[in-house]
Amino acid sequence: RLDSGLGLGERLRSARRARAMSLEQAARSLHLEESVLLALEEERFADLGAPVFVRGHLRSYARLLGLAEDTVLEAYRAAHPELPLTRVMVSEAGA
């Protein structure tokens, strides 16, 4: 459950700390650089590239922390209403 009184980044940080997990341990578990998780916790989403990458990182981090992925993604969308809400489906070649 996310504490709605906190920003998304602080909620992620709080959930990580509640699990007594360091940023280094979380990054290693996800096979990511610590800088990626730090950017998420500091809500520097533009540093991570296209929104599709941000959503993927948020989904993975939420799963690791035991947070509801949909709730985390909704908080991201709410904080960034300019982002498209729909997913683009790409068909595989030859499919």
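Residues numbered from 1 in each chain as written. Predicted model: local features only at pLDDT ≥ 70, side-chain atom pairs only at ≥ 80, totals over all residues. Heavy atoms only, no water.

**Digging into the side chain of Arg-16**
Right, so step 1: Within the fold, Arg-16 resides in helix 1 (residues 8–18).
Right, so step 2: Classification of Arg-16 by relative accessible area gives buried; the value is 7%.
Right, so step 3: Polar contacts involving the side chain of Arg-16 include one to the side chain of Glu-41, which spans 2.7 Å.
Right, so step 4: Residues contacting Arg-16, with those up to four places away along its chain left out, are Met-21, Ser-22, Leu-23, Ala-26, Glu-41, Tyr-61 and Leu-65. (Helix = DSSP H or I, 4+ residues; strand = E, 2+ residues; numbered from the N terminus. Buried < 20%, exposed > 50% of the residue type's maximum accessible area, 1.4 Å probe, protein only. Polar contact = N/O pair within 3.5 Å; in protein donor to acceptor, adjacent residues only side chain to side chain. Contact = heavy atoms within 4.5 Å.)

**Some words on the nonpolar core**
Right, so step 1: Core analysis: the largest hydrophobic core is formed by 25 residues, its most contacted members being Leu-8, Leu-12, Leu-37, Leu-40, Leu-58 and Tyr-61.
Right, so step 2: When residues in this core are grouped by element, the largest group, five residues, is from helix 4 (residues 51–65).
Right, so step 3: When residues no more than four places from it in sequence are discounted, the contact partners of Leu-12 are Leu-40, Glu-41, Leu-58, Tyr-61, Leu-65, Leu-67 and Val-72. (Core = buried A, V, L, I, M, F, W, Y, C linked by side-chain atoms within 4.5 Å.)

**Thoughts on the packing of aromatic side chains**
Right, so step 1: A full pass over the atoms with the stated rule returns one aromatic pair.
Right, so step 2: Judged by centre distance (5.0 Å) and plane angle (75°), the rings of Phe-45 and Tyr-76 are edge-to-face. Here Tyr-76 lies in helix 5 (residues 69–79) and Phe-45 lies in the loop between helix 3 (34–41) and helix 4, a separation of 31 residues in the sequence. Take Phe-45 and Tyr-76: they sit in the same class, and that class is buried. (Phe/Tyr/Trp six-rings, centres within 6.5 Å; stacked < 30°, edge-to-face > 60°.)

**Some remarks on the pattern of salt bridges**
Right, so step 1: Scanning all chains against the criterion turns up nine salt bridges.
Right, so step 2: The shortest N-O distance in the salt bridge between Glu-24 and Arg-28 comes to 3.4 Å. Remark: Arg-28 and Glu-24 occur in helix 2 (residues 23–30); sequence separation between them is four residues, near one turn of the helix.
Right, so step 3: Several salt bridges converge on common partners, so that one network encompasses Glu-10, Arg-13, Arg-16 and Glu-41. (Salt bridge = Lys/Arg side-chain N within 4 Å of Asp/Glu carboxyl O.)

**Considering the environment of Asp-47**
Right, so step 1: By the element assignment, Asp-47 lies in the loop between helix 3 and helix 4.
Right, so step 2: Of the residues examined, Asp-47 reaches a relative accessible area of 53% and is grouped as exposed.
Right, so step 3: Among the polar contacts made by the side chain of Asp-47, one reaches the side chain of Arg-44 at a distance of 2.4 Å.

**What to know about the confidence of the model for the protein**
Right, so step 1: Overall, the predicted model of the protein reaches an average pLDDT of 87, with 82% of residues at or above 70.
Right, so step 2: The secondary structure element of the protein with the lowest average pLDDT is helix 5, at 93, and the one with the highest is helix 2, at 98. (pLDDT = per-residue confidence, 0-100.)

**Structural notes on helix 1**
Right, so step 1: Turning to helix 1, its buried residues are Leu-8, Gly-9, Arg-11, Leu-12, Arg-13, Ala-15 and Arg-16.
Right, so step 2: In the core, the buried residues of helix 1 are packed alongside helix 2, helix 3, helix 4 and helix 5.
Right, so step 3: Positive backbone phi, at 55°, marks Ala-20, one or two positions downstream of helix 1.

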